[in-house]
Amino acid sequence: MEVTLTVDKLKPPTGKGKPIILVACGCFNPITFMHLRVQEMAKDWCVRNGFEVLGGYISPAGDGYKKEGLLKASHRVAMAEISLRDSSWIMLDPWESRQLEYTRTLKVLDRFHDQINKIYGSGIGVMLVCGADLVASFNIPGVWADEDVRSIVEKHGIIVVERESEDLNAVIEKNKMIKDIRANIHIIPQDIQNEMSST
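What counts and how
- Residues numbered from 1 in each chain as written.
- Predicted model: local features only at pLDDT ≥ 70, side-chain atom pairs only at ≥ 80, totals over all residues.
- Heavy atoms only, no water.
- Phe/Tyr/Trp six-rings, centres within 6.5 Å; stacked < 30°, edge-to-face > 60°.
- Buried < 20%, exposed > 50% of the residue type's maximum accessible area, 1.4 Å probe, protein only.
- Lys NZ or Arg CZ within 6 Å of the ring centre and 35° of its normal.
- Core = buried A, V, L, I, M, F, W, Y, C linked by side-chain atoms within 4.5 Å.
- Helix = DSSP H or I, 4+ residues; strand = E, 2+ residues; numbered from the N terminus.
- Contact = heavy atoms within 4.5 Å.
- Pairing = 2+ DSSP bridges.
- Axes fitted to C-alpha atoms, helices over the stretch in contact; angles between N-to-C directions.
- Expected span 1.5 Å × (residues − 1).
- Salt bridge = Lys/Arg side-chain N within 4 Å of Asp/Glu carboxyl O.

**Q** I tried to follow the packing of aromatic side chains on my own but got confused; where do I start?
**A** The geometry of an aromatic ring pair is captured by two quantities: the separation of the ring centres and the angle between the planes. Overall, the coordinates contain 4 aromatic pairs when judged by the stated rule. Measuring from ring centre to ring centre gives 5.0 Å for F138 and W144, while their planes differ by 90°; the resulting arrangement is edge-to-face. Neither F138 nor W144 differs from the other in exposure class; each is buried. Lying across the ring of F112, R111 places its NZ or CZ 5.9 Å from the centre.

Dropping the structure here:
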């Protein structure tokens, strides 16, 4: 099912840094303060490191994900919409949540890239924002397709918030698909350690 990308909080590029949008994918079962905090941390890191953040998106997984205990997508989307009302830059994109089948993260990011660059012409990057547990899952057999992991990192890039219990450098070094392009994985240290998942 096609859904028009929400752009009401998107700002045009000004030339003050490499223009990007930040995308967080996941169940958001339900969305929490920490999900939003991770986005804010990623934006702060980007501003300090020469990027211009044009906007951010939350993209909840659809019902096709079939995770035990997963609330209906319509409920998770409604909660995310309420949570994002006061954000000046993060938007909800319901496209993934409305797909009948499970949608791979790479497909979601590619769609964002295509849609954003139709609006602005070209040159807008898309980066996946996530927690350390997602990057660690790259090394769990059967969870990710190797070619998807490679494409996500190489084509889009990742901003990941570290967690003390996950040695992200070891995770990256162990993965033959991404260790040679590790420069596209940007690790944000946490000033205050929090071992809980965002959910």
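Don't stop here, the text continues.
**Q** Looking at this structure, how should I read the nonpolar core?
**A** Inside soluble globular proteins, nonpolar side chains tend to come together where they are buried. In this structure, I21, Y57, F138, I158 and I178 are the most contacted members of the largest nonpolar core, which totals 37 residues. Within the residue set of this core, elements represented by two or more residues are β1 (18-26), β2 (51-60), α3 (105-120), β4 (125-131), α4 (132-136), α5 (146-156), β5 (158-161) and α6 (168-174). With 5 residues, the single largest contributor to this core is α3. For I21, the residues in contact, after removing those within four places along its chain, are L10, L54, G55, Y57, F112, I116, G125, V126 and M127. Counting residues in hydrophobic clusters, the runner-up holds 25 residues, among them F28, L84, I90 and M127.

**Q** Just to check I follow, could you spell out the sheet that holds β5 for this structure?
**A** Each strand in a sheet pairs with another by means of backbone hydrogen bonds, the pair being arranged parallel or else antiparallel. Strand order in the open sheet formed by 6 strands is β3-β2-β1-β4-β5-β6, and the pairing between neighbours is parallel. Every other strand in the sheet has two partners, leaving β3 (90-92) and β6 (185-188) as the edge strands with one partner each. When the angles between neighbouring strand axes are averaged without regard to direction, this sheet yields 25°. When β4 meets β5, the two strands line up parallel, connected through 4 bridges. Directly across from G131, in β5, lies its bridge partner V161. Against the sheet, α5 contacts β4, β5 and β6, and its axis sits at roughly 125° relative to β4.

**Q** Explain α3 here, please?
**A** What sets the pattern is the α-helix's 3.6 residues per turn: residues three or four places apart point alike. Its 16 residues place the ends of α3 23 Å apart at the C-alpha level, agreeing with the 22 Å of an ideal helix rising 1.5 Å per residue. Regarding α3, the residues found buried are T105, L106, V108, L109, R111, F112, I116 and N117. The secondary structure elements touched by the buried residues of α3 are β1, β2, β4 and α5. Downstream of α3 by one or two residues, G121 has phi in the positive range, about 105°.

**Q** Could you clarify how one ought to interpret the pattern of salt bridges in this entry?
**A** With the rule as written, the count across this model stands at 11 salt bridges. A salt bridge links E173 to K179; its shortest N-O distance comes to 3.8 Å. Judged by its relative accessible area of 43%, E173 is partly exposed. Ionic contacts of the salt-bridge type, sharing partners, join the residues D63, K72 and R76 into one network.

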